[in-house]
Amino acid sequence: MRRDSRVDAVTVDGWSEEHARAVSAWHYEPPYDFYDLASDPDDAAELFDPAFRPRYRAVLGAEGSLDGFWYFRPDGDEVEVGLGLRPDLIGRGLGGAFAGAALDYARREWAPRRFRLAVAAWNERAIRVYERLGFEEVGRETRVFALVGEHEFVRMEAPA
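Note that the coordinates shown come from a computational prediction; the quantities given were computed from them, not determined experimentally.

Asks: Would you mind going over the sheet that holds strand β5 (residues 114-120) in detail, with residue names and values included?
Replies: Read across the sheet, 7 strands follow the order β1-β2-β3-β4-β5-β7-β6 without closing on themselves; strand pairing throughout is mixed. Looking at which strands have only one partner, the edges of the open sheet turn out to be β1 (11-14) and β6 (136-145). Ignoring strand direction, the axes of neighbouring strands in this sheet form an average angle of 30°. In terms of strand pairing, strand β2 (residues 56-60) meets strand β3 (residues 66-75) through 5 bridges, oriented antiparallel. Each bridged residue has a counterpart across the sheet, and for V59 the counterpart in β3 is G68. With respect to the sheet, helix α1 (residues 17-24) is in contact with β1, β2 and β3, its orientation differing from that of β3 by roughly 115°. Those strands touched by helix α4 (residues 124-132) are β4 (78-85), β5 and β7 (149-159), and its axis lies near 165° from that of β5.

Asks: Just give me the short version of the nonpolar core, but keep the residues and values in it.
Replies: The biggest cluster of nonpolar side chains holds 26 residues, and the ones touching the most others in it are W70, F72, F115, V119, Y130, F135 and M156. Put simply, the parts of the chain that give this core at least two residues each are β3, β4, α3 (95-110), β5, α4 and β7. The leading source of residues in this core is α3, at 7 residues. When residues no more than four places from it in sequence are discounted, the contact partners of V119 are Y35, A126, I127, Y130, E152, F153, V154 and M156. Listed in part, the 14 residues of the second largest apolar core include W15, A20, W26 and L47.

The rules we used
Residues numbered from 1 in each chain as written. Predicted model: local features only at pLDDT ≥ 70, side-chain atom pairs only at ≥ 80, totals over all residues. Heavy atoms only, no water. Pairing = 2+ DSSP bridges. Helix = DSSP H or I, 4+ residues; strand = E, 2+ residues; numbered from the N terminus. Axes fitted to C-alpha atoms, helices over the stretch in contact; angles between N-to-C directions. Contact = heavy atoms within 4.5 Å. Core = buried A, V, L, I, M, F, W, Y, C linked by side-chain atoms within 4.5 Å. Buried < 20%, exposed > 50% of the residue type's maximum accessible area, 1.4 Å probe, protein only.

Next comes the structure, spelled out in structure tokens:
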């Protein structure tokens, strides 16, 4: 997949309640079950809240199935990015192309100067993907989740 065609290689759709229902049924294998929506009721509520729909994009597969989602929060000349890939697609070497397409999409939509994201510190697989895309660690923070406790996150940034 050529760098300039990553977005063209996927179908991007607006966010809907149907997409939120599909994601809420996703269940990851441990330790990635941390990303199940059941682990964070606040994230689950946001996915269903119409006020947050402009921040989400549905990424559809060849047959229209929901393969993943992208989250974007533009703030001035920066865009915060979040990603979710369907559990059966995890570990198949798709992360780099999926994340790269999200960044390409954000470049087209907002022309940011910089990207930001946060990733669980134990998720070395995702951190490697982000580093290959030019992200660098800029700090760490601890977040507390009602159902899964305290977790350390790596804050990362990359030039757009």
